[in-house]
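One-letter residues, chain by chain:
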Amino acid sequence: MRPLLTLALGAVLAATLWAQQFKFNLEHLSSKASHSFDVSLNTSMLQFAAKFLDGKDPDEAKVKKLIVGIEGIYIKSFEFKNEGAYFPADVEKIRNQLKAPEWSRIVGIHNGGEKSNIEVWARNEKGKVTGVAILSSEPRQLTVCNLVGNVDLESLSDLGGHFGLPNIPKGKKK
Amino acid sequence: MDWLEQELAQALARKEPAAGFDGRVRARMHPRPQWLAIAATLLVMMGGGEAWRQYHQYQGYLAKEQVMTAMRIAGSKLNRVQMQLKGTEQ
């Protein structure tokens, strides 16, 4: 009887934690996009995937290390047929979901030439970073990344450089 | 009743089988131990186990690919931010 009770309590706790994870509501963009790409990985899926990451492969080894503190990864990327298929108000709707005081924007980059914006938001709870959101808007693409948990931004960015993109040299510390 | 009818009646009369007849018939029906059934069960179990292992492996591969793709996307966005920041610094 006792193991059953423990199991039931564990399931309730897992369900509560799962329900507590912040997720974006992006319904308003689904109908406007011509294509969409979705990655949704909760804690158990991440743990399962970690078992298959090869520690001998440099990139996989880094990802394996990086996902230790991550509780969930939710990425949604929309592609649009034409420029102007989505409006600034659509992006604002997403931004409005990142409410203060928990969420704060740490970086915002606007590239006028490419007509693109990238914003990085961090979620702080009791002085601890518990999530990172990346909002990237381009004329024909909109990507929202939601990483739940403790995210090492430096390592993650480092991986971005490894994955086919040129990596930038680290600046000298003064 | 002529002799032919008598002969036929005698030949076709009901007779009780000899003692142990049913046992001998049953023994002939199962002459070997049930090794075939056991082997078949083992084979099915092994096949099922292997199928499950392959399915599990495939699911793991898919999950791993999803993680790598997610990291690739998030990492590339962050890398772009970092590049632009460095660009404005210089």
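Residues numbered from 1 in each chain as written. Chains lettered and ligands numbered in written order. Predicted model: local features only at pLDDT ≥ 70, side-chain atom pairs only at ≥ 80, totals over all residues.

Take the overall build of chain A next. Scanning chain A from terminus to terminus reveals six helices and six strands. Expressed as a percentage of contacts within chain A between residues at least 6 apart in sequence, the contacts between residues at least 24 apart total 59%. (Helix = DSSP H or I, 4+ residues; strand = E, 2+ residues; numbered from the N terminus. Contact = placed C-beta atoms within 7 Å.)

With that out of the way, let us pick up the overall build of chain B. Helix and strand counts for chain B stand at three helices and zero strands. Ordered by position from N to C terminus, the α and β elements of chain B give α-α-α. A burial count over chain B gives 17% of its 90 residues as buried. (Buried ≥ 20, exposed ≤ 12 C-beta atoms within 10 Å, placed from the backbone.)

All names here are of chain A. Looking at chain direction, strand β3 (residues 103-111) and strand β4 (residues 116-125) are connected through eight bridges and run antiparallel. Paired with R105 across the bridge in β4 is W121. In textbook terms, the turn of a hairpin is the stretch between consecutive antiparallel strands, and for β3 and β4 this stretch comprises four residues, one of which, K115, has a positive phi near 55°. (Pairing = 2+ DSSP bridges.)

All names here are of chain A. The element strand β6 (residues 141-149) is extensively covered by neighbouring structure, given that seven of its nine residues are classed as buried. Bridge analysis of strand β2 (residues 70-79) against β6 gives nine bridges, and the strand direction is antiparallel. In the sheet register, I70 faces β6, and the bridge partner there is G149. Of the strand pairs in this sheet, strand β5 (residues 128-138) and β6 are connected by eight bridges, and their pairing is antiparallel. Its bridge partner being in β6, A133 is matched across the sheet by N146. The hairpin formed by β5 and β6 contains two residues between the paired strands.

Residues and elements named next belong to chain A. A positive phi angle is found at K126, which is not glycine, with a value near 50°. By secondary structure assignment, the location of K126 is in the loop between β4 and β5. A residue is classified by how many C-beta atoms lie within 10 Å of it, and K126, with 5 of them, is exposed.

In this complex, chain B contributes 24 residues to the contact, which on the side of chain A involves 35 residues. For the side of chain B that touches chain A, the class distribution of residues is 11 nonpolar, eight polar and five charged. (Nonpolar A, V, L, I, M, F, W, Y, C, P; charged D, E, K, R; others polar.)

Model confidence for chain B is summarised by a mean pLDDT of 86, while 91% of its residues fall at 70 or above. What the predictor reports for the complex is a pTM of 0.70 with an ipTM of 0.75. (pLDDT = per-residue confidence, 0-100.)

Residue and element names in this part refer to chain A. Overall, antiparallel pairing links the six strands, which are arranged β1-β2-β6-β5-β4-β3 in an open sheet. Two strands lie at the open edges of the sheet, namely β1 (35-41) and β3, each paired on one side alone. When the angles between neighbouring strand axes are averaged without regard to direction, this sheet yields 10°. Looking at chain direction, β4 and β5 are connected through nine bridges and run antiparallel. Note that in β5 the partner of A122 across the bridge is V132. Against the sheet, helix α3 (residues 43-50) engages β1 and β2, with an angle of about 95° to β2. (Axes fitted to C-alpha atoms, helices over the stretch in contact; angles between N-to-C directions.)

As a further point, take the confidence of the model for chain A. For chain A, the average pLDDT comes to 81, and 80% of its residues sit at 70 or higher. For the stretch residues 163-174 of chain A, pLDDT sits under 50, and the model shows 15 contacts to residues farther than four places along the chain or on other chains.

Once that is clear, we can look at the nonpolar core. A general feature of soluble globular proteins is that nonpolar side chains tend to end up buried together. Within the largest apolar cluster, 36 residues are counted, with the highest numbers of intra-cluster contacts made by I134 of chain A together with V67 and A74 of chain B. When residues of this core are assigned to their parent elements, the largest contribution, eight residues, is made by helix α3 (residues 35-89) of chain B. Discounting residues that sit within four places of it in the chain, V67 of chain B has contacts with L41, L46, A49, V63 and I67 of chain A. (Core = buried A, V, L, I, M, F, W, Y, C linked by C-beta atoms within 7 Å.)

With respect to the helices, strands and loops of the structure, Q21 of chain A is situated in the loop between α1 (2-20) and α2 (27-30). For Q21 of chain A, the contacting residues outside a window of four places in its chain are E71, G72 and V148 of chain A.

On to the environment of P139 of chain A, then. Residues and elements named next belong to chain A. Relative to the helices and strands, P139 resides in the loop between β5 and β6. Judged by C-beta crowding, with 14 C-beta atoms within 10 Å, P139 ranks as partly exposed. A sequence separation of 24 residues divides P139 from K115, and the C-alpha atoms of the two residues are 6.4 Å apart. Among all residues touching P139, those that are not within four sequence positions of it are E83 and K115.

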